[in-house]
Amino acid sequence: MPGPVPNREADLARPREHKGRDMQSVTRGAARPAKMPNADRNWHPIVDAGERGL
């Protein structure tokens, strides 16, 4: 079975959102370069190697 039968719209506490209606446009920001911090010298060699692999 795919699941329970959904409630009728009259039974819902708030109206369902209808796709395409009252939708605001999405704005996109500009990507900024990321700087990786240096690894701590006290780390275990396996962790240090894994960090460099990123």
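So, a few notes on the structure that sits alongside this text. Everything quoted here is computed from the prediction, not taken from an experiment.

Notes on the overall build of the protein
Here is step 1: In terms of helices and strands, the protein carries one helix and zero strands.
Here is step 2: Counting all 54 residues of the protein, 2% fall into the buried class.
Here is step 3: Summed over all atoms, the accessible surface of the protein reaches about 6,300 Å², with 53% contributed by carbon and sulfur.

A short note on the environment of leucine 54
Here is step 1: Here leucine 54 lies in the segment after helix H1 (45–53).
Here is step 2: Under the relative-accessibility criterion, leucine 54 is labelled exposed at 77%.
Here is step 3: Between the C-alpha atom of leucine 54 and that of methionine 36, which follows or precedes it by 18 residues, the distance is 9.3 Å.

Procedures and definitions
- Residues numbered from 1 in each chain as written.
- Predicted model: local features only at pLDDT ≥ 70, side-chain atom pairs only at ≥ 80, totals over all residues.
- Heavy atoms only, no water.
- Helix = DSSP H or I, 4+ residues; strand = E, 2+ residues; numbered from the N terminus.
- Buried < 20%, exposed > 50% of the residue type's maximum accessible area, 1.4 Å probe, protein only.
- Areas by Shrake-Rupley, 256 points an atom, 1.4 Å probe, with all protein chains shown as cover.

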